[in-house]
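Each chain, written out:
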Amino acid sequence: MSAPSAPSGPSAPRPAPQVPPVPRYGPRREDCPWCGSRRLRTRPRREEPSRGAPGRSVLERCLDCRHAFRNPPPTLGPEHPLVRAAVRLRHGLAARAMLRRCPGPESWLDVGTGDADFPHAARAHFPYTSFDGLDPSHRVLRARAVERVEEAFVGRLTDPHIAARLRARYDVVSLFHHLERVPDPRAELRAALHVLRPGGHLLVDVADPRRLLVPGASHPAGLRVELAAQGCTVLTGARAHRVIARKDASAPWYPSVPWYPSASWYPSAP
């Protein structure tokens, strides 16, 4: 009769999933991502390439709504060490700004989270908050594997299936350097408000286009107007790159945007 085998030790942690490469830039566009106007002007700078140079991005401004944006838009964050240090600093400043206005949220969704660098930095200020992440790439799955987020969603907020699943679920939603990288920032903004609970807070932070090391764009001219129209109170100054808004109880449950699913998708509003 053979001796019983010794109990095996704890199993090794599963390796983080491999992430396929993502193109540095998205497709070039001929219209403004905020208002749809085709009246664009390239802002020439000695440090920047000419419009249409292969593999490069230029700064363009809409002549109608004054929205400035990179064209084609960047899809990944910068990798230069100095730029990454500046981004980490902005992460900390954004988290502290939210801490002054919403000190104890239970749930937080970071949209366009990538490797969840922002939730990782914000956790130092919100140790008891449950952070989830959403990203169109599978990098968010790697972030969940290393426990930077608790739940990971692959896709976009404007996907009706994701919108139905996350409706009114979060106390805070953050869009960190995200609006300038999506084809329809207005629809993305309304989708972010859709997953907020009444009384929840929205944090929008975009890069300064005048700083060439940090790809991005300034706030669209209509951002604050759009937030007010969707039943939000803007809590930050008019010239800030970081906007914090509170979703009022009177905010609409069903924003009027083309991607939005019909009311039959949902139970009755609380």
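Everything here concerns the structure above.
Please read these numbers as outputs of a predicted model, since none were measured by experiment. Residue positions within a chain follow its written sequence, with the count starting from 1. Residue-level local features of this predicted model are given only where pLDDT is at least 70; pairs of side-chain atoms are given and counted only at 80 or more, and the full residue set underlies all totals for whole chains, interfaces and linings. Working from all heavy atoms in the structure, the side-chain values ignore hydrogens and water.

Attention now moves to the packing of aromatic side chains. Centres within 6.5 Å make a pair out of two Phe, Tyr or Trp rings, where for Trp the six-membered ring is used; the pair is then stacked when the planes are under 30 degrees apart, edge-to-face when over 60, and tilted otherwise. Counted according to the given criterion, the structure contains four aromatic pairs. Here the aromatic rings of Trp108 and Phe118 are separated by 6.0 Å at their centres, their planes lie at 65 degrees, and the arrangement is edge-to-face. Placement of Trp108 in strand S4 (residues 107-111) and of Phe118 in helix H2 (residues 117-122) is noted, with a sequence separation of 10 residues between them. Partly exposed describes any residue whose relative accessible area lies between the buried limit of under 20% and the exposed limit of over 50%, with all areas from a 1.4 Å probe on protein chains only and scaled to the type maximum. Judged by relative accessible area, Phe118 falls into the buried class, the value being 3%. Ring centres 5.1 Å apart and planes at 35 degrees place the aromatic pair Trp108 and Phe131 in the tilted group. Here Phe131 lies in strand S5 (residues 130-135) and Trp108 lies in strand S4, a separation of 23 residues in the sequence. Trp108 sits in the buried class, given a relative accessible area of 0%. Cluster of aromatic residues (ring-pair linked, three or more members): Trp108, Phe118, Phe126, Phe131 and Phe176. Numbered from the N terminus, helices here are DSSP runs of H or I no shorter than four residues, and strands are runs of E no shorter than two.

All right, on to the sheet that holds strand S2 (residues 58-62) then. Here a strand pair is declared whenever DSSP counts at least two bridges between the two strands. Taken in spatial order, the three strands line up as S1-S2-S3 in an open sheet, and their pairing is antiparallel. In this open sheet, the two edge strands, each paired with only one partner strand, are strand S1 (40-42) and strand S3 (68-71). Going from strand to strand, the sheet's axes swing by 35 degrees on average, the running direction of each strand aside. In the sheet, S1 pairs with S2 via three bridges, with the strands oriented antiparallel. Each bridged residue has a counterpart across the sheet, and for Leu40 the counterpart in S2 is Cys62. Orientation is described by axes fitted as lines to C-alpha atoms, over the contacting stretch for helices, and by angles from 0 to 180 degrees between their N-to-C directions.

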